[in-house]
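Okay, here's what each chain looks like letter by letter:
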Amino acid sequence: MRTSRTAKGVTACLAVIALAAGCSGSGGKDDEDGSGDGGGGGKGVDTPRLKIAMVTHSGEGDTFWDIVRSGAKQAARKDNVEFLYANDKEAKGQAELVQSFVDKKVDGIVVTLAKPEAMRSVLSKAGAAGIPVVTINAGGEFSEKFGALSHIGQDESVAGEAVGDELDRRGKKKTLCVIHEQGNVSLEQRCAGVKKSFGGSVENLNVEGTNAPASESSISAKLQATKDIDAVVTLGAPIAAYSVKAKKDTGSKAEVDTFDLNAEVVKRLKAEEVGFAVDQQPYLQGYQAVDLLWLYKTNANVLGGGKPVLTGPAIVTGKDVPKLEKYTARGTR
């Protein structure tokens, strides 16, 4: 596993990763997880009971967020926190969910900023209500200006550049970068980063990530129309699976590579169906976000000093499979 060293002036990656079991249910569940669903049941510390909410931009079936929630729930159990979760792939709906937690007077909110401008007003209301906010995963450059304590995630531009460098090392010349959620600033930054560092050409393709048949069809059509594509870069693990199927159906020789890591991607790395993956450690994002809010509420601690706290990127290949399989199988990597 190779960790990117190209970030400058950004907080270093956290060195200690809390690894514990606790895989959540189906991806993209549009619900709230209370203490009855593993979100803080049992008292792990003697600090006052807190209520912390997380709102993400997850679409239906996006298993990435299961891993984030698994980390958040583990921290909640340790910290005597009731953990609440809700998601909406639409920015307006996400803002409304944040407002609902402000109205409930929770003790802290974790939120993603995939479409940041839609969140500006409601995060201002959270601040006015005295509710601390930590952002994760997307939109880190907006975190401080929107009043958040810290941002936990990877620098998406740096991650994209790391992919471009890896493609060069592999001798690739023409890359298709598949964006599965149009308008998501983090996904656009990833493809822009690839284009910045890659010595060959990069073409973006927008697909409807929550519609598997349509996404696969779009990728297949592009591979059929452009025979010299020798690499397909997907920005999420489910899209990698669609791309592998499209590659087989069209007889393309393109290598499929992907952002994000889960048990399915590890299996595909082992089977050499995926060349490499970019790990941003989603479990750590969920765990640290809840833990940071607990630390802030109980001890006035803040991490990052206004800079993102990085959880990636790291390039993962088939050589890393033996040491990662047991963690991905239990839903913590």
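Residues numbered from 1 in each chain as written. Predicted model: local features only at pLDDT ≥ 70, side-chain atom pairs only at ≥ 80, totals over all residues. Heavy atoms only, no water.

1. Some details on the confidence of the model for the protein chain
1) Next: Summarising the model, the protein chain shows a mean pLDDT of 87, and 87% of its residues fall at 70 or more.
2) Next: Taken together, the stretch residues 5-32 has pLDDT below 50 and engages in 76 contacts with residues farther than four places along the chain or on a different chain.
3) Next: A low-confidence stretch, residues 34-42 stays under pLDDT 50, and its non-local contacts, those more than four residues away or across chains, total 24 contacts. (pLDDT = per-residue confidence, 0-100. Contact = heavy atoms within 4.5 Å.)

2. Here's the deal with the pairing of strand S2 (residues 50-56)
1) Next: For S2, the buried fraction is high: six of the seven residues fall into the buried class.
2) Next: Pairing of S2 with strand S3 (residues 81-87), which is carried by seven bridges, proceeds in the parallel orientation. When the bridges of S3 are listed, Ile52 appears paired with Phe83.
3) Next: Chirality of the crossover, the property in question, places the unit of S2, helix H1 (residues 64-79) and S3 among those that are right-handed. (Buried < 20%, exposed > 50% of the residue type's maximum accessible area, 1.4 Å probe, protein only. Helix = DSSP H or I, 4+ residues; strand = E, 2+ residues; numbered from the N terminus. Pairing = 2+ DSSP bridges. Right-handed = clockwise from strand over helix to strand, strands pointing away.)

3. Considering the packing of aromatic side chains
The description of an aromatic ring pair uses the distance of the two centres, along with the angle that the planes make with each other.
1) Next: Taken as a whole, this structure holds three aromatic pairs when the rule is applied.
2) Next: Judged by centre distance (5.0 Å) and plane angle (80 degrees), the ring pair of Phe64 and Trp65 falls under edge-to-face. Each member of the pair Phe64 and Trp65 is classed as buried.
3) Next: Cation over ring: Arg69 sits above Tyr85, and NZ or CZ is 4.2 Å from the ring centre. (Phe/Tyr/Trp six-rings, centres within 6.5 Å; stacked < 30°, edge-to-face > 60°. Lys NZ or Arg CZ within 6 Å of the ring centre and 35° of its normal.)

4. Focus on the layout of surface pockets
1) Next: Empty space within the largest pocket amounts to approximately 510 Å³.
2) Next: Of all elements in the fold, only H1, helix H6 (185-197) and helix H8 (237-250) reach the threshold of two or more residues within the lining of the largest pocket.
3) Next: Sorting elements by how many residues they give to the lining of the largest pocket places H8 first, with four residues.
4) Next: Looking at the lining of the largest pocket, its residues break down into nine nonpolar, 13 polar and 10 charged.
5) Next: Of the volumes computed, that of the second largest pocket is approximately 310 Å³.
6) Next: In terms of lining, the second largest pocket is formed by 24 residues, of which the most central are Gly139, Gly140, Glu141, His151 and Pro308. (1 Å grid on protein atoms, 1.4 Å probe; cavity = no way out; pocket = protein on both sides within 12 Å on 5 of 7 lines; lining within 4 Å. Points joined across faces, edges and corners; volume = space filled by probe spheres on them. Nonpolar A, V, L, I, M, F, W, Y, C, P; charged D, E, K, R; others polar.)

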